[in-house]
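# Notes for the structure review
The lines below spell out each chain.
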Amino acid sequence: MKDDLLDVIKNAEELHYMEKKDMVSLFRESKYDEALFRAADRVRKKYVGDKVHLRGLIEFSNICKRNCMYCGLRHSNKSIERYRIPPDKIIELAKKAVGYGYRTVVMQSGEDDYYTVDMMKYIISNIKKMDIAITLSIGEKTFEEYEAYKEAGADRYLIRIETTDPELYENMDPGMSHENRKRCLDDLKKLGYEVGTGCLIGLPGQSLESLADDILFFKDIDADMVGVGPFIPNADTPLKEAEGGSFKLALKVVAMTRLLMPDINIPATTAMETLNPNGRTIALNSGSNVVMPNVTEGIYRKLYALYPGKICTGDTPAHCVNCITGKIVMIGREVASDKGFRVKSI
Ligand code: 5AD
Ligand code: SF4
Ligand code: FES
């Protein structure tokens, strides 16, 4: 049984296939971790190369109508100060991101209905004039809304499935429907977006089997990007007493996702670096090829408090671009200068 798992990793490296039971065994065992991480790193190098794509993240509103149990921005959390960045200021932040060399901006917010479709179209079309790629991460919308953003110039959309276990999902995200989440991903694909999804690692009640299902789901929907990170308990939420996710397990999910989906974009997430001071570098050496540094300025950074200990909250955008570039160069990699779309290998 034991050495069979080395064959499983070897097989996945060549054929990009793994059975669910073997995924679960690899999650349980720590003996094969290094073999898994090194295989993922080789697949990353072979398919997406040594360039690391930077995406400048603009967190433009921390107002959210949802009540996800794990998230500090949840509607019921009355202990954070809320903000909205006005459209022209968002455009200005995007311009600054271009100045720092970013070729993509990611516009992220809580689910905030203040920004109408017309406002979003105004923001997107103005940013589009800067010849950069635009990623949106603003939650569940209708097909028509997604269509309008696409027509205005949005290229990509991030919406994590969070977990593929419908029951766990609906417990974690009260009032939300797993079916609707999947409908969103489906609509976005149909509309020609590059679609990013992902999951949280270590939610209370989440099984290893369900994490394996998450990875199989990413493959099944042919996600173009997959972002995963450990769940970090937030004192301002009902899950404050929960244990939280482990860095190692999250890293294994990153590595396995790379083995199974060799040509996609996989970010080394901020939550990984929150649990480990070298978390993003380690992820970049275990399958990841993207980093999303923050370009939000001033007080807003601290207020976008999804979870405690979020890195970079006291730093400026200029500091972060230098910091992350240094880390990338230190591990023998290079910052990409193109927009970093997925290049399908098959
Ligand atoms: N810990 C880690 N990640 C979190 N997110 C929300 N709350 C937390 C938390 N407590 C993630 C969700 C969401 C993304 C924007 O942030 O997965 O999709
Ligand atoms: Fe809102 Fe997203 Fe946080 Fe859920 S995870 S409460 S939708 S910001
Ligand atoms: Fe922000 Fe390092 S990337 S301080």
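Just so you know, the residues in each chain are numbered from 1, in the order the chain's sequence is written. All chains are assigned letters beginning with A, and all ligands numbers beginning with 1, in the order in which they are written. Since the coordinates come from a predicted model, pLDDT governs what is reported: local features require at least 70, and pairs of side-chain atoms require 80 or more to be given and counted, while whole-chain, interface and lining totals use all residues. The basis for every side-chain value is the complete set of non-hydrogen atoms in the structure, without hydrogens or water.

The protein carries the name [FeFe]-hydrogenase maturation protein HydE in an unreviewed UniProt entry, which gives Clostridium tyrobutyricum DIVETGP as its organism.

Before going further, it helps to spend a moment on the packing of aromatic side chains. Aromatic pairs are defined between Phe, Tyr and Trp rings, using the six-membered ring for Trp, whenever the two ring centres lie within 6.5 Å; interplanar angles under 30 degrees are classed as stacked, those over 60 as edge-to-face, and all others as tilted. Going through the model one piece at a time under the given rule, you end up with 5 aromatic pairs. Measuring from ring centre to ring centre gives 5.9 Å for Tyr 157 and Tyr 193, while their planes differ by 85 degrees; the resulting arrangement is edge-to-face. Pair noted here: Tyr 157 is in strand β5 (residues 156-158) and Tyr 193 is in the loop between α8 (178-190) and β6 (194-197), with a separation of 36 residues, a long-range link. We note that Tyr 157, like Tyr 193, is buried. An aromatic cluster is present here, built from Phe 60, Tyr 114 and Tyr 115 joined pairwise through their rings. By definition, being over a ring means that NZ of Lys or CZ of Arg is both within 6 Å of the ring centre and within 35 degrees of the ring normal. Directly above the aromatic system of Tyr 193 lies the positively charged group of Lys 150, at a separation of 5.7 Å from the ring centroid. Note on conventions: DSSP H or I runs of at least 4 residues are helices, E runs of at least 2 residues are strands, and numbering of each starts at the N terminus. Only protein chains enter the accessibility calculation, which uses a 1.4 Å probe; a residue whose area is less than 20% of its type maximum is buried, one above 50% is exposed, and one in between is partly exposed.

Any residue with at least one heavy atom within 4 Å of a molecule or strand is counted as near it. Near ligand 2 you find Cys 64, Arg 66, Cys 68, Tyr 70, Cys 71, Leu 73, Arg 74 and Gly 110, and these make up its full shell. Across the shell around ligand 2, the residue classes tally to 5 nonpolar, 1 polar and 2 charged. Classification used: nonpolar for Ala, Val, Leu, Ile, Met, Phe, Trp, Tyr, Cys and Pro, charged for Asp, Glu, Lys and Arg, polar for all others including Gly.

In this scheme, a helix's expected span is set at 1.5 Å multiplied by one less than its residue total. Its 12 residues place the ends of helix α5 (residues 117-128) 16 Å apart at the C-alpha level, agreeing with the 16 Å of an ideal helix rising 1.5 Å per residue. Among the residues making up α5, those that are buried are Met 119, Met 120, Ile 123, Ile 124, Asn 126 and Ile 127. When α5 is viewed along its axis, its buried side chains cluster within an angular range of 165 degrees and face the same direction. Contact definition: two residues touch when any of their heavy atoms are within 4.5 Å. Looking at the buried positions of α5, the neighbouring elements they touch are β2 (56-61), α4 (87-99), β3 (104-109), β4 (133-137) and α6 (143-152). It is the directions from the helix axis to the C-beta atoms that the arc portrays.

The feature "binding site: (3R)-3-methyl-D-ornithine" (unreviewed entry), as given by UniProt, occupies Ser 137 in the numbering adopted here. Structurally, Ser 137 is set in strand β4. Apart from the residues lying within four places of it in its own chain, the contact partners of Ser 137 are Val 106, Met 107, Gln 108, Ser 109 and Leu 158. UniProt positions are given in the numbering used here, feature names are shortened, and annotations may be inferred rather than shown by experiment.

Turning to the site of ligand 1, a few remarks are in order. Contacts to ligand 1 come from Tyr 70, Cys 71, Gln 108, Arg 160, Glu 162, Leu 200, Pro 230, Phe 231, Ile 232, Leu 306 and Tyr 307. Throughout this description, a polar contact denotes any pair of N or O atoms lying within 3.5 Å of each other; where both atoms belong to protein, one of them has to be capable of donating a hydrogen while the other can accept it, and for residues adjacent in sequence the pair is counted only when both atoms sit in side chains. Between ligand 1 and Tyr 70, the relevant distance is 2.9 Å, taken from a nitrogen atom to a main-chain nitrogen or oxygen of the residue. At 2.6 Å from an oxygen atom of ligand 1 is found a side-chain nitrogen or oxygen belonging to Glu 162. Note on areas: Shrake-Rupley, 1.4 Å probe, and residue coverage restricted to the protein chains presented here. For ligand 1, the protein covers 87% of the area, taking 410 Å² as the surface of the free molecule. For the shell around ligand 1, a count of residues per class yields 8 nonpolar, 1 polar and 2 charged.

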